[in-house]
Each structure stands twice: as C-alpha cells, then as structure tokens.
Number of protein chains: 4
Amino acid sequence: MPRTREQNRRIREKRMDQILQAALQVYREKGYHGTEMGEIARRAELGRGLVYYYFKDKEDVFVTLITQTLNGWKEVMDGIMQSEQTVADKLSTALIRMCELASENPEITHFHQTIIRDTHVLFPDRYKEIDGYYEDAIWLPLRHLFKKGASSGELRVSPPVAERFYASILFGAVQGEKKIDRASIQEWVDVALYGMIQK
Amino acid sequence: MPRTREQNRRIREKRMDQILQAALQVYREKGYHGTEMGEIARRAELGRGLVYYYFKDKEDVFVTLITQTLNGWKEVMDGIMQSEQTVADKLSTALIRMCELASENPEITHFHQTIIRDTHVLFPDRYKEIDGYYEDAIWLPLRHLFKKGASSGELRVSPPVAERFYASILFGAVQGEKKIDRASIQEWVDVALYGMIQK
Amino acid sequence: MPRTREQNRRIREKRMDQILQAALQVYREKGYHGTEMGEIARRAELGRGLVYYYFKDKEDVFVTLITQTLNGWKEVMDGIMQSEQTVADKLSTALIRMCELASENPEITHFHQTIIRDTHVLFPDRYKEIDGYYEDAIWLPLRHLFKKGASSGELRVSPPVAERFYASILFGAVQGEKKIDRASIQEWVDVALYGMIQK
Amino acid sequence: MPRTREQNRRIREKRMDQILQAALQVYREKGYHGTEMGEIARRAELGRGLVYYYFKDKEDVFVTLITQTLNGWKEVMDGIMQSEQTVADKLSTALIRMCELASENPEITHFHQTIIRDTHVLFPDRYKEIDGYYEDAIWLPLRHLFKKGASSGELRVSPPVAERFYASILFGAVQGEKKIDRASIQEWVDVALYGMIQK
DNA sequence: GATGAATGAGTGTTCATTCAT
DNA sequence: CATGAATGAACACTCATTCAT
C-alpha cells in the first residue's frame, strides 16, 4: 500500500529541513565552497542523492536557505511597520528586534551576513532576484521610515546615510564569532540611535 | 650578459606587484574561489608558472596582499596615536583617515572587508597569524583608546561595545558596490561619534 | 474483494503497453541514454516503482519493445514467403510491405533503425540474442530469396551485395525526421529494383 | 628557457590528434555515452585534465572529430564537382570515391554514420550547425546534380528520391562491422545506379 | 627569470535501481 | 498491484600545482 499524500508531505518537509540545517552547519564551518554536497548529506544522515531529490543543486539549497529565513524576518518587519509608533520608535523597535533575532540565531545571521556579500559571485544569474528579497523584506520598509523621519525632522541624517548607518549597526550586531549578548543589545541600540536621532 | 642584482630586484618588485594587482582585480569580480591562478597570470600578462616563482601558492598571493596593505595602514594609525590629541579627537581623526583611505582605495577595502570574514575558512593554518596582523595594525591601538576614553569618561560606552561599534562604522563606509563619497565622510563620522561621545 | 485472474491479466497488459509506449515516445526525443526510467513512469502516468514491477530493468523495457514489434514483422514476412510469386515479385512485395509498415509506424521504425546499430553497445550480454531475432524475422527469409534469385539469374548481384543493398533501401525509407510518404513508396522501390539511371 | 612558439604549436597539434584518435577508438567500442573522458585520456596516454586543456568538453571533442573529417570530404566532393563530366558520371565518381573513403576509414565512417543520427539528442544546441556542415560538404553539391540530372533526363527519379536513395547507398557501404571491400565497390555502385533486377 | 604543457585529486550532479509502506 | 522516497555508483569537469624546456 503506498504512503498517503499527507505522509509523503510530512516526510518531504522533514527531509528538506534536515538538509537545510545540515547545510547551515557546514557552511558555518567551511564557507560556501568548502561545503560539499556529500558533507551536507552525511550531516543530515541521508544519502547523497536525496539532497538532489529535494533541491535542484547546491545553489538551490542555499538560495532556499536565504529566502526561507527572509520570509520570517519580513513578517517581523511588517508587524513593526504596521504598528502605531513614531518613526524613531519604529526604527528603535526594528533594530532591537532584528538584533534579538540575530542574537538568538547566530548561525543563520552569520550565514546571511556572509552570503549576502557574495551573492553576485556565487549566483550570478539569480543575484538580482535575491537582492530583491532582501529589499522587500528589510530595506524597502526601512527606507520608507528614513524618508519620513528626515522630512519630519525626527532624523538628523539624510536617508542614504541613515540607511548605510542602520545597515552597519545591524551587521555589527554579529561579528565573526562574537554575537552580541542579549543584555548588551539595549546599549548597542542606544549608541546607534543617539547619534542618529535629533535631540 | 647577466642582469645586475639591482636590475633583478627591480624586475622582482615589478612582477610581484603586477601579480598582486591582477589578483586584486579578479578577486573583486569573482571572489576567492572564483579567482584562478591562471586568470591571475593572464591579467598580469605573465606566464602561469611565474606566479609560482614569486609566490609559494594561491594562499601566499592573498596573504601577501593582506599584509602589504596592513603595513600602510599601520603607519597611518601609529602616526595618529603618537599625536597630541584627546581620545575623542584621535578616534575621530582615525575614523576619518580610515574612511578616506577606504574611499580612495575601494578595491583593496572591499578585499579586506570580505576576506577578513573568511580567513579561518580560507587559511585555516594561518588565520591566527593573519588576525594578529589586523590586531597589531588597527585594533590594539584603538582598544587602548577605548579603554582610556572609558575610564576618563570621554566615551559613554564600554570598551567592548565601543570596539564593535567602531568596527561597524568602519565596515559600513564601504558597502558592496557603494563606497562613501569624500563629501559625506564628515557626516558619516559625525553620526557615528555623536552617539558614541559623551556630551 | 480481490481482483479476478482475468482482471489482473488485463491490467497487466494495459500497464505494460502504457510503459512501452511511453518508452518509445521518450526514446524518440532523447535517445536511449536520455530516456530516464522516471520519465517513462511519468509519461505512462504510473509510479516509478511500477515500471520495475513489470520489467526487470531498463534493458528489459527496450528489448521487449524490440521483440514485440519483430513478432509482427515476422508474420508479414512469413506470409509473403509462403505466397506463390517469383523471387523478384516476392522481393518487391516484401520491400513495399516493409516500407508501408515503416511509413505507418515511423516511431517504431525510427526506434529499430537507431537501436539496431547500438545493440552491442547497449546490451552487450544480449546482443547476439537480439540480432538473432532480426535474423529470424527478416534476414533469413530474404537471404533465401537472394540465393535463389542469384542462381536462377533473376538477380544481377551476388547474394551478399543484394542483402546489403536491400537493407540500405529498407533503412533509407525512413531517414531521420523524413519518412517516405505512401505515394512515393512505389517510386522508391522501383529505383531500388531498377536502378537510378535511365538506360 | 621557455619552448618556442613553434615547438608549442607542434606539441598542441600532436596532442589534439592523439586525443581525437583515442576518442574515435573508444567510441567505436562503447558509443558516445560509453566513452568516458578518462578512458580517452588513458588511451591517448595522457593525463585526464589534458583532454580538457585542449577541448572544452566531451561535446567539443566529438564535434571537432565531425568537422575535421568533413573538411577532408568536402575537398574531395568539390574536386569532383568542378571536373568535366556528365551528371551521371559525377554521381558515379562521387559514389565510388565516397565508398572508397568509407572503406579506407571504417572507423571514422562508422563514427559519422552513427553520430549523425544522434546529433540532435547529443548536441541539442549545436545540431543545426553540425547538420549545416554535412549539408555544405556533401548534400548541397549532390542536390545540385540531382536537379540537373532530373531536368536533363539523365536521372529517372525525382531529386528528393534521388537524394534519399544516394544517402541510403552511401550509408549502406559500411554497415555495422561489415565494411564493403574494395573489390566489391564497383558492383555496389553498379547496383545502385542500374538497379538490382536484371532486365 | 620565464613559459605553458601536463597532472590528478576533488567535487557537483545524474540516474538506474531498491524498498518501506 | 502501486507509490515515491531513498540510495550510491559512476562520470563530467575544474583548478591548484608541477616541471621540462
């Protein structure tokens, strides 16, 4: 008797997750090129071929890893954007939430921080698409705030500088091996915003 | 008739520079793994074997590239450290000078920014040594300032946060394709320091 | 309640035919190595494993395809051989009938024409057996005619040349994409039997 | 001291020839997919990677093999076309010369006969280009003759049928393992041109 | 100093086949 | 009878490195 559709769906979901988690682990240790598909399979305790059963190729594994987490982040950002707060508070909340997320998921954060720099080299055909995901999830909403804050006078810097600055702070929250600990997040964000926000 | 010692020295120097510049160019376009030794040779307009005559291996090419520029930066930093300024002014000057350097040499800056995150993956045997160069040239002197500034009350943040913050700002000065333009450096540094420095 | 023997037989037959037809289709488009077992299953709208339930392996699918049609052709040939005609007329009739069959079933004809050249490469263990089927169905009866025709003077060529020639004409009836149309078969056979050049 | 340009050129030429000959040999025994690049290298007594130094990929090896011999054949055909003969004599001469060539180079002939059927499957991107080479070298000149012969009454068949027929005869000259021997070529061509059946 | 031909270990990927359900 | 998840052997191709000249 064949498995039911539902059983298969569950198996697939579980397997894809195993593979993605294994890929993330290996990536952390060895980087993109050091990550062999065989090693991913081994860590996931699956056969070599199964990785290709679920993902088209190595690129697909990593691009999926990117998009999947971006979806989660997008939800967080959207929630904040729709809340009733001043621009400054939204920026602060967003920064705190993102730093918290980064702190809670250092592996995935490190993954994004490093892979984002290399998308155009690693995935020359898809890097525009991928950059688009980052834009949608994170930068478009923030950019809107920067503009609004600048014109209302809440922010003391021009939107482009604000954007660059915000990104720097975000990326700075996890550097190499050292993620920022929960207790320091508030201090970290304060430093950032004090320079940024009009008194 | 054979070449003189001096002639040979000059040739050596020129060749090594050709190779290093070629490596830097290709790295920008293709990343470390995308940079083939053959491509380096081709861009340098030299025979493939000659690269191995001047450098032990691929690792050696890139590590040399790292150390060579770090030496230049170290001199700049040392100059600032030995000057007669307040901690805040030294920090400001250093930040400005480093941002200027980054703005003037976007290629080499991008190279450092990206390679620094991967040293432990790319050069597992030498990454401690390499990190040491960065420490010596940049972080040791700065760390000294952070400590001094914290104890004197000039800085409103703890030294570890200060260090992380400073690094973030430095890295933020050149992001991907967009380097900061000279005119904006002052604004950039202001934003950073305004949050950082006790009023 | 379980199926009856007869129901099962019918299902079996239908399934095997689905698979064989699917295999033929894919073969036409992609050739032997381009034909994946999964693709066969997909085209037949069956589960992947079922193909292996009905056929031992890929080889078995294709060898079955060969033998099945050869059986049909053998009957045609046998009918002609047992008729009351001169050697020349039998040769002519056979050529016409075979060309008609080829014209009516271009897919299967193309399949035979191409696979026949590769049997020793594709099925090294069974190629003698397979060649035997071709011999039995087609060449043994024809060879008998060539010999008879040569000794009676009806044919102006030696049996080996006649055989080679006959084969060439048969193969020529379907070339690549262009099968011969029904209306041209007579002309085609005429040329073969009476030559290309007007006397 | 580096090798001179001329030395290198000679080495390259020799190597490419070694590889092409090895590929031809293996192809004969194993067919396209059975021909592993490693086996080609082994037969040519060269390192695995050198094959890729001289040829872009497996496809390139075999396409080069096709075009190289087609160039030779084209010259032969052109010579005949430019001669002073009747259409029938040109057709006869061409057929004889091509059959002789086929008989002298059974390996390469078998290669062409089999690969030509599979170009669209093996080289989906280049098969039009490849077919074009065949057209230029062989079929365009012949087609011209068929037309001329048909309108002058020298040929008793329509040009399309003549073309199909001629191709069949040409292909028939080498069938599987059995190439036609020199002595039989004349008989073979006679049958083709004057028919199988004695009048 | 200089060249580029030569090598082969290493890796991504495919696909026939098996098997738990 | 039926399904599709799972496996792994096999193979094309890349590229750092060596070496004869």
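Because the structure is a prediction, the values reported are computed rather than measured.

(A) Geometry of the overall build of chain A. When helices and strands are tallied, chain A shows 9 helices and 2 strands. Secondary structure elements in chain A, listed N-terminal to C-terminal, are α-α-α-α-α-α-α-α-β-β-α. In terms of overall dimensions, chain A has C-alpha extents of about 70 × 35 × 35 Å along its principal axes. Taking all 199 residues of chain A together, 49% fall into the buried category. Restricting the contact set of chain A to residue pairs at least 6 apart, pairs at least 24 apart contribute 70%. Accessible surface, chain A as shown: approximately 10,000 Å² in total, 50% of it carbon and sulfur. When the 29 positive and 29 negative side-chain charges of chain A are each reduced to one mean point, those points stand 3 Å apart.

(B) Up close: the relation of the copies chain A and chain B. Its rotation angle being 180°, the transformation that places chain A on chain B also includes 0.0 Å of axial translation and leaves an RMSD of 0.1 Å. In short, the pair behaves as if placed about a two-fold rotation axis. When the interface residues of chain A are mapped onto chain B, 87% of them again lie at the interface, so the same face is used by both copies.

(C) Geometry of the domain arrangement of chain A. Residue and element names in this part refer to chain A. What the domain assignment reports for chain A is domain 1 (1-55) and domain 2 (59-196). Measuring from the centre of the C-alpha atoms in domain 1 to the corresponding centre in domain 2 gives 28 Å. Taken together, the contacts link 11 residues of domain 1 with 18 residues of domain 2. Along the lines of polarity and charge, the residues of the side of domain 1 that touches domain 2 split into 8 nonpolar, 2 polar and 1 charged.

(D) Up close: the interface of chain A and chain B. Contacts between the two partners involve 38 residues from chain A, matched on the other side by 35 residues from chain B. Carbon and sulfur atoms supply 56% of the area buried between chain A and chain B, which totals about 2,900 Å² over both sides. On the chain A side of the contact with chain B, R117(A), R164(A) and V191(A) bury the most area, a combined 23% of that side's loss. Where chain A meets chain B, there are 1 salt bridge. When the shortest N-O distance is used, the salt bridge between R117(A) and D118(B) registers 3.3 Å. Between the two partners, chain A and chain B, sit 10 residue pairs in polar contact (both at pLDDT 80 or more). When residues in the side of chain A that touches chain B are grouped by element, the largest group, 9 residues, is from helix α8 (residues 159-172) of chain A.

(E) Quick look at the interface of chain D and chain C. The interface of chain D with chain C comprises 48 residues on the first partner and 45 residues on the second. For the pair chain D and chain C, the number of links is 1 salt bridge. In this structure, the connection of chain D to chain C is made through 10 residue pairs in polar contact (both at pLDDT 80 or more). Residue assignment for the side of chain D that touches chain C shows that the elements contributing at least two residues are α1 (5-34), α6 (106-122), α8 (159-172), β1 (174-175), β2 (178-179) and α9 (182-194) of chain D. Take the side of chain D that touches chain C: its biggest share by element is 10 residues, from α8(D).

(F) A look at the UniProt feature "domain: HTH tetR-type" (unreviewed entry) in chain A. Those places that UniProt annotates as "domain: HTH tetR-type" (unreviewed entry) correspond, in this numbering, to residues 13-73 of chain A. The span residues 13-73 of chain A shows a helical share of 85% and a strand share of 0%, and its end C-alpha atoms are spaced 20 Å apart.

(G) Fine view of helix α7 (residues 127-152) of chain C. All names here are of chain C. Given a rise of 1.5 Å per residue, 26 residues ought to cover 38 Å, and the 35 Å separating the end C-alpha atoms of α7 matches this to within 8%. Of all the bends in α7, the largest measures some 50° and sits at E135. Those residues of α7 lying buried are I130, Y134, A137, I138, W139, P141, L142, L145, F146 and G149. Looking at the packing, one finds that the buried side of α7 touches α4 (58-82), α5 (87-104), α6 (106-122) and α8 (159-172). Backbone geometry just downstream of α7 places G153 in the positive-phi region, at approximately 85°.

(H) Seen up close, the pattern of salt bridges. Taken as a whole and judged by the stated rule, the model has 58 salt bridges over all chains. Put simply, D57(B) and K56(B) hold a salt bridge, and the shortest N to O gap is 3.0 Å. Note on K56(B): relative accessible area 66%, which makes it exposed. For R42(D), the salt bridge goes to E39(D), with nearest N and O atoms at 2.6 Å. You can see R42(D) and its partner E39(D) sitting in helix α2 (residues 37-43), 3 residues apart, about one turn around the helix. Exposure remark for R42(D): the relative accessible area of 53% places this residue in the exposed category. Linked by salt bridges that have partners in common, E6(A), R9(A), R10(A) and E13(A) make up one network.

(I) A look at the arrangement of the chains. Most contacts, among the 2 pairs of chains that meet, fall between chains C and D. Separated throughout, chain A and chain C approach each other most closely at a C-alpha pair spaced 10 Å apart. Chain C makes no contact with chain B, the minimum C-alpha separation between the two being 32 Å.

(J) Main features of the UniProt feature "DNA-binding region" (unreviewed entry) in chain A. Per the UniProt entry, the sites bearing "DNA-binding region" (unreviewed entry) are residues 36-55 of chain A in this numbering. Secondary structure content for residues 36-55 of chain A is 70% helix and 0% strand, and the end C-alpha separation is 14 Å.

(K) Looking closely at the packing of helix α9 (residues 182-194) of chain C against α8(D). Interhelical geometry of α9(C) versus α8(D) gives an angle of 50° and a closest axis separation of 11 Å. Taken as axis vectors, α9(C) and α8(D) run oblique relative to one another. Viewed along their axes, α9(C) and α8(D) form a crossing whose handedness is right-handed. Here α9(C) contributes E187(C), W188(C), V191(C) and A192(C) to the contact with α8(D), which in turn contributes V161(D), R164(D), F165(D) and S168(D).

(L) Structural context of the packing of aromatic side chains. All names here are of chain A. For the structure on display, the rule yields 34 aromatic pairs over all chains. Both rings, one in Y27 and one in F62, keep their centres 5.8 Å apart while their planes meet at 55°; by these two values the pair is tilted. Highlighted residues: Y27 in helix α1 (residues 5-34) and F62 in helix α4 (residues 58-82), separated in sequence by 35 residues. Judged on exposure class, the residue Y27 and its partner F62 are both buried.

(M) Just the side chain of K90(A), in detail. Residues and elements named next belong to chain A. Here K90 shows up in helix α5 (residues 87-104). Although K90 is buried, it forms no salt bridge, and the closest oppositely charged side chain is E84 at an N-O distance of 7.3 Å. When residues no more than four places from it in sequence are discounted, the contact partners of K90 are I80, M81, S83, Q85 and L145.

(N) Up close: the environment of M98(D). All names here are of chain D. Residue placement: M98 occurs in helix α5 (residues 87-104). A relative accessible area of 9% places M98 in the buried class. Spatially, the C-alpha atom of M98 lies 29 Å from that of F55, the residues being 43 residues apart in sequence.

(O) Just the environment of R97(A), in detail. In this structure, R97(A) sits in helix α5. Sequence separation between R97(A) and I80(A) is 17 residues; the distance between their C-alpha atoms is 9.3 Å.

What counts, and where the lines are drawn
- Residues numbered from 1 in each chain as written.
- Chains lettered and ligands numbered in written order.
- Predicted model: local features only at pLDDT ≥ 70, side-chain atom pairs only at ≥ 80, totals over all residues.
- Heavy atoms only, no water.
- Helix = DSSP H or I, 4+ residues; strand = E, 2+ residues; numbered from the N terminus.
- Buried < 20%, exposed > 50% of the residue type's maximum accessible area, 1.4 Å probe, protein only.
- Contact = heavy atoms within 4.5 Å.
- Areas by Shrake-Rupley, 256 points an atom, 1.4 Å probe, with all protein chains shown as cover.
- Lys, Arg positive; Asp, Glu negative; His and termini not counted.
- Charge placed at Lys NZ, Arg CZ, Asp CG, Glu CD.
- Least-squares fit on C-alpha atoms with pLDDT ≥ 70 in both.
- Domains from an automatic or database assignment.
- Nonpolar A, V, L, I, M, F, W, Y, C, P; charged D, E, K, R; others polar.
- Buried area = accessible area lost by both parts, 1.4 Å probe.
- Salt bridge = Lys/Arg side-chain N within 4 Å of Asp/Glu carboxyl O.
- Polar contact = N/O pair within 3.5 Å; in protein donor to acceptor, adjacent residues only side chain to side chain.
- UniProt positions renumbered as here; feature names shortened; annotations may be inferred.
- Expected span 1.5 Å × (residues − 1).
- Bend = angle between axes of the 7 residues up to and from the residue.
- Axes fitted to C-alpha atoms, helices over the stretch in contact; angles between N-to-C directions.
- Parallel < 35°, antiparallel > 145°, perpendicular 65-115°, else oblique.
- Left-handed = near helix turned anticlockwise from the far one by under 90°.
- Phe/Tyr/Trp six-rings, centres within 6.5 Å; stacked < 30°, edge-to-face > 60°.

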